[in-house]
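Here is how the chains run, residue by residue.
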Amino acid sequence: MAVATLAVLAGSRLATAAPAELRPSVEESFPIGNSGPACEVQGTSMGDERRSMFDRKWVILCTDVARPVGTAYALRDPADAVQRIAAAREEALDCPEANAAFADEGMACTGVKSGLPWRVYMRRTDRGDVAVEGLAAYDDALRLTVRSLVADRVVDGPISIANLGSGDTLSLVRARAANSDPGLLLGQGYRGNSAGSFAEAAEFFAAAPAILADTAQDGGFSRETQIHEALVNRALQLSNLGAFAQAERNFAEARDMGLRDPVQSRLARNYAAIDAINRGELAEALDILGRDVAPFLPSDSTDAGVSIDRQTAAGLNAAAGTSLTALLGQPTRLSPQDRAAIIDAQALQLRGTALRLQDKPDEARQALARAYDDAMKVQDGRILSIARLRAQIMTELALGYEAQGRYGEAESNLRGALELVRTTYPDSASVNVVSARLAGFLSRRGQGAEAMAIYRAVVDDVMRNRGALVGMENLMRPYFDMLAGEGSRDEATVGELFRVSQLLQQTGAAETLTQLSRQLEGGSGEAAALYRRSLGISRELERTRIEIARLTAASEAGENDPRIDALRARRDQLADAQVAAMDALAAYPSYRAVAHRTASLPELRSSLRSGEGYLKLAQVAGSLYAVFISPTETRGWKVALSAQETADAVDTLRDSISLTINGVQSTYPFDVDTALALDEALLGPARTDVASLSHLIFEPAGAMLKLPLNLLTGDREGVAAYHARVEAGGDEYDFTGIDWLGRDRAVSTALSAASFRDARAAPASAAPRDYLGLGNNVPLGPVGSRPGIRSGEEVAIDADCVWPLSTWNQPISPRELNEAASLLAGGGADLMTGAAFTDEAIMARPDLGAFRIVHFATHGLVTAPRVGCPVRPALLTSFGDARSDGLLSFGEIFDLQLDADLVILSACDTAAGAGLEATREAGLATGGGQALDGLVRAFIAAGGRQVIASHWPAPDDFDATERLFNGFYKARGVSIGEALRTSQRRLMDDPLTSHPYYWAGFAVIGDATRPVPAQ
């Protein structure tokens, strides 16, 4: 395929440039091998083996292997290196003369207990001795590791090893975590939090407890404090994402540990208070901040200096203390009292925030002033790690001053905070946060020109770093308001609104993208190898920026530190390599499905054809904004309904379509009046433009993720005629005669502007056969008290989140699959139904890429199993062998090797009564829309060009779904969108199936103008 050729060329270009950018001798981790199975060298703790600060130890990890396949050392003192390495081995080796390891071919050894062959390599460098040893079966990985460490650059080369066939592409990710220093693992979570990547941080903190439980620590207290820290941190990230019920489950588990540690109790107090503020419970936050915390216990020591008890020391020396400094580039370890003082100062800052939000500015300012003074007392304010806290305090003071009309003092504090973070954390997310807050203040003070300039600089920085405005939505709202204006038609202004709107990220999508990114990182293909290398470059770039900030802050005014100049040159070199990596990865659909990618207004317009229009929604801080782009028109406006009013309207419509209560599904007369009002609000000034289109591409946001746009209507006369007919005794379920939005134009859905552009440019499938149908799982029958089944990927914290086995007892009828296979038999059709439809059989099937259409008719688990559980989307299958869990998770979908023009997901919105009712109980604001989005992204990443997905259970009444797809597959010479619309019109015109429940549920994601594949 053309794409594959392009990808190889792009990858080879990167392979020649990127390795020089990473220095393995100082890296926390680095990839090895540019082809073959995925392997990585991961830093780990040396413990008592370390004699010098320059000594390093790594483990070599490869996919399909749950344990390290080798170990690497860099030892400054070569005097007894051989003996030290031998003493550190878990298994004794039977080896010849030790110096044989310095030979080119290394030294062949045998495990005394296992009998497995080993290889040992040693090399002498000007930095000391390098040693690499491990299983001989992984000799390619061992050789590349030793060559990379000696050259101090990542050396390219293939890795040819036996594939164990586990099919677990996350094994590398899990092995890395399991063999990582727990402090480093928690540090990665803190980095994600500081960058606003709350979903990424939550994943790291979720993995930590199980890993720490199996990790030997110096005393049980340290391990317990780290587990506790991971729990409360994950709770905080979930709260930041709005998943409050899940957050409470983690907070509760941490409380149940009963840990009385001075640092941990303070962290838990502060994080619980932040959670309460996130929920708007200000009185609760103040109550939490007033609670007692564990004190420093007295010691019997007679030393004149400060001393503490063992439990206190264990907690303070755990990751909680060090991460506050190591994360932000401060190399000096803080004393126990300093760490506690910083956390207590943050508690005062949080108290000030809560009081300000309660309209108590004077009390708030007193708390904030104390917080600032207490923070500055810690080592006279010279600690880099408290600069962010100081900046937060200053911005809070500014907000209080502004509320009291003291605008000069407000502006002074905001500019001071910005100068502080620019000095200490240049190029960090903190600079953008404070900049956006200053811009918002200026916009409210009528200084629109400067505010716009600052906002544009923030957007430029986020785009340059290919990031997203996670956690900044409230701060960016004034910018959106200025751009939307009175319904702007100025192309430059609309282009700016379109640009910034693409940097927003739905919270559910953030979690989806994080998990899919982990799946890609753990893969074994070319895209995975390139992606791991790009992550290595990003980590090194982050460390370089932090070191520049640290040295800049430490240097005297006017002093020229040559180290800073060298680091800046390295930063620029790494930034160039990062751009090259992103460009190379853009050729792979698996990367495009997880990347933050954008399209400019001219780029999107060039992708549109005559008669097409693109409508994008953006949800920002409780408001909705819209952008409409066609080949001849551009408009931007603020939607008349708020995000909550839109959500209420969507829920009303969904409840009249398909509502499941206590396992019973019901359909009510469709609320056409709400559909009319929502149509008017959403389409706004573009209603006339939309009316002239033959194809509308819709990019939803917020509540509109769970409602197809085609069931809206602007037909006031048709709605009035319906009401008159019902009042005269007519059938209230007969909606014939109404001009629905999707009646005279194809309506498709886009995940993003970039994804639509990619779908339109993608080459057609080269698959030789037409159709593969999958579904109709085998029911389990009476299940009694048998245990449930986990949904999605393994996360230890959520181990009790299971689906009841009764979920498998409502299989979807195979009629639509059988009928489609019969219609397409001439082009090669196959079915996997009943007992053959297992997750293991699907993943093991070698010819999935041989079908142009892949059609699933099965339940999709896209809501939480119960309150407090995460959404782990999956497709329900039959059970297979002992390894089967009866679920095809979206991580497993991501790894399917498809070459399909069309993937159909029928009946994917709900299963076993888990509909909007369960969604609302779980505290999810957007229903199953986000998880359905995850399934779609996974199939696109796996090689599906277009996806047809259902928003609610596909109806069997009146054979509606079977008739819909029969009409679709029988279409000739038309596009996917037109074939679906034509088939839907037949159902619209039949009084028995005119209710939107029967015809509106299926949406085309991708390029709906592509021809129906089976032609």
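If you look the protein up in an unreviewed UniProt entry, it shows as CHAT domain-containing protein from Novosphingobium endophyticum.

Undergrad: Please explain the overall build of the protein as it appears in this structure.
TA: Within the protein, the secondary structure is distributed over 38 helices and 26 strands. Relative to its full complement of 1015 residues, the protein shows a buried share of 59%. For the protein, contacts bridging at least 24 residues in sequence account for 70% of all contacts bridging at least 6. With the model as given, the accessible surface of the protein reaches about 38300 Å², and the carbon-plus-sulfur share is 51%.

Undergrad: Just checking my understanding: could you explain the packing of helix 31 (residues 815-823) against helix 36 (residues 960-970) for this structure?
TA: Packed helices, taken two at a time, are described by the angle their axes make and the gap between the axes. With their axes 9 Å apart at the nearest point, helix 31 and helix 36 run at an angle of 20° to one another. One element, helix 31, and the other, helix 36, form an angle in the roughly parallel class. Along this stretch, helix 31 crosses helix 36, giving a crossing that reads as right-handed. For the pair helix 31 and helix 36, contact is made by R815, E816, E819, A820 and L823 and by T961, E962, F965, N966, Y969 and K970, respectively.

Undergrad: I'm lost on helix 26 (residues 643-657) in this one. Help?
TA: Between the first and last C-alpha of helix 26 there are 21 Å, a value that for 15 residues agrees with the 21 Å anticipated at 1.5 Å per step. For helix 26, the complete set of buried residues consists of A643, T646, A647, A649, V650, D651, L653, R654, S656 and I657.

Undergrad: Mind showing me how you'd approach the pattern of salt bridges here?
TA: Two side chains carrying opposite charge are able to pair once their charged atoms lie near each other. This model, assessed by the stated rule, comprises 48 salt bridges. Notably, a salt bridge pairs D344 with R269, separated by 2.9 Å at the nearest N-O pair. Taken together, the residues D344 in helix 13 (residues 336-357) and R269 in helix 9 (residues 262-278) connect sequence positions 75 residues apart. Salt bridges sharing common partners tie together E612, R760, D1007 and R1010.

Undergrad: Can you walk me through the packing of helix 15 (residues 387-403) against helix 17 (residues 429-444) in this structure?
TA: Where helix 15 contacts helix 17, the two axes come as close as 11 Å, and the packing angle between them is 10°. Accordingly, the angle class assigned to the pair helix 15 and helix 17 is roughly parallel. Only S430, V434, R437, F441 and R444 of helix 17 make contact with helix 15, whose side of the interface consists of R388, T395, L399 and E402. By residue class, the composition of the contact of helix 15 with helix 17 is three nonpolar, two polar and four charged.

Undergrad: It is not clear to me how the pairing of strand 7 (residues 117-125) should be interpreted in this structure. Could you clarify?
TA: Across a regular strand the side chains alternate sides, sitting on one face of the sheet and then on the other. Relative to strand 7, strand 6 (residues 107-111) runs antiparallel, the two sharing four bridges. The residue of strand 7 that forms the bridge with T110 is P117. Counted along the chain from strand 6 to the antiparallel partner strand 7, the turn is five residues long, and its residue G115 has a positive phi close to 75°. Relative to strand 8 (residues 128-135), strand 7 runs antiparallel, the two sharing eight bridges. Residue pairing in the sheet places R119 in a bridge with G134 of strand 8. A loop of two residues connects strand 7 with strand 8, the two strands running antiparallel in sequence.

Undergrad: Is there a simple way to explain the sheet that holds strand 11 (residues 634-638) in this structure?
TA: Two orientations exist for strands paired in a sheet by backbone hydrogen bonds: parallel and antiparallel. If you walk across this open sheet you meet the eleven strands as 11-10-9-14-15-26-25-24-20-16-19, and the pairing is mixed. The open sheet has two free edges, formed respectively by strand 11 and strand 19 (829-833), since each of these has just one partner strand. Averaged over all pairs of adjacent strands, the angle between their axes in this sheet comes to 20°, without regard to strand direction. Pairing between strand 14 (residues 695-699) and strand 15 (residues 746-749): four bridges, direction parallel. Directly across from H695, in strand 15, lies its bridge partner A746.

Undergrad: Hey, could you run me through the state of the cysteines in this one?
TA: Two cysteines, two sulfur atoms, one covalent bond between them: this is a disulfide. One pass over the full model with this rule turns up one disulfide. Put simply, C95 and C109 are joined by a disulfide, and their sulfur atoms are 2.1 Å apart. When the S-S torsion is 120°, as for the bridge of C95 with C109, the disulfide is right-handed. With C95 in the loop between strand 5 (93-94) and strand 6 and C109 in strand 6, the pair connects residues that are 14 residues apart, well separated along the chain.

Undergrad: Would you mind going over the pairing of strand 9 (residues 612-620) with me for this structure?
TA: Burial runs high along strand 9: eight of the nine residues are buried. By the bridge criterion, five bridges tie strand 9 to strand 14 in an arrangement that is parallel. In the sheet register, K616 faces strand 14, and the bridge partner there is E699. Bridging between strand 9 and strand 10 (residues 623-629) involves seven bridges; their strand directions are antiparallel. Paired with V620 across the strands is S623, a residue of strand 10. Connecting strand 9 to the antiparallel partner strand 10 that follows it, the hairpin turn spans two residues, and A621 within it adopts a positive phi of roughly 50°.

Undergrad: I'm lost on the side chain of T736 in this one. Help?
TA: Of note, T736 is situated in the loop between helix 29 (716-727) and strand 15. Reaching out from T736, the side chain makes a polar contact with the side chain of D734 at a distance of 2.8 Å. Those residues in contact with T736 that lie beyond four places of it in its chain are R725, M988, D989, D990, P991 and S994.

Undergrad: Would you mind showing me how to read the packing of aromatic side chains here?
TA: When we look at a pair of aromatic rings, we describe it by the centre distance and by the angle of the planes. Per the stated rule, a full pass over the model turns up 18 aromatic pairs. Aromatic pair F965 and F968: ring centres 6.3 Å apart, planes at 80°, arrangement edge-to-face. Here F968 and F965 lie together in helix 36, a separation of three residues that amounts to about one turn. The burial state of F965 is the same as that of F968; both residues are buried.

Conventions used here
- Residue positions are given per chain, counting from 1 as you read along its sequence in written order.
- In view of the model being predicted, local features appear only for residues whose pLDDT reaches at least 70, and side-chain atom pairs are presented and counted only at 80 or more, with totals across whole chains, interfaces and linings using the full set of residues.
- Side-chain figures throughout are based on the complete set of non-hydrogen atoms in the structure, without hydrogens or water.
- A run of H or I in DSSP counts as a helix once it spans at least four residues, and a run of E counts as a strand once it spans at least two, with each numbered from the N terminus.
- Three exposure classes are used, based on accessible area relative to the maximum for each residue type with a 1.4 Å probe and protein chains only: buried under 20%, partly exposed in between, and exposed over 50%.
- Contacts were defined at the residue level, with two residues in contact if any of their heavy atoms lie within 4.5 Å.
- Here the Shrake-Rupley method, with its probe set to 1.4 Å, supplies the accessible areas, and only the displayed protein chains count as covering residues.
- Under this scheme, a helix contributes an axis fitted over its contacting stretch, all axes are lines through C-alpha atoms, and angles between N-to-C directions fall in the 0 to 180 degree range.
- An angle counts as roughly parallel when it lies under 35 degrees, as roughly antiparallel when it exceeds 145, as roughly perpendicular when it falls between 65 and 115, and as oblique in every other case.
- Each crossing gets its hand from how the near helix is turned against the far one by less than a right angle, where anticlockwise is left-handed and clockwise is right-handed.
- The span expected for a helix works out to 1.5 Å for each residue beyond the first.
- Think of a salt bridge as a Lys or Arg side-chain nitrogen and an Asp or Glu carboxyl oxygen that are within 4 Å of each other.
- Nonpolar residues are Ala, Val, Leu, Ile, Met, Phe, Trp, Tyr, Cys and Pro. Charged residues are Asp, Glu, Lys and Arg, and all others, Gly as well, are polar.
- In short, DSSP must find at least two bridges between two strands for them to pair.
- Disulfides are defined as cysteine sulfur pairs within 2.5 Å.
- Two N or O atoms count as a polar contact when they lie within 3.5 Å, although within protein this holds only if one can serve as hydrogen donor and the other as acceptor, and sequence-adjacent residues are included solely when both atoms are side-chain atoms.
- Classification of ring pairs rests on two measures: the distance between centres of Phe, Tyr or Trp rings, Trp counted by its six-membered ring, which must be within 6.5 Å, and the angle between planes, read as stacked under 30 degrees, edge-to-face over 60 and tilted in between.

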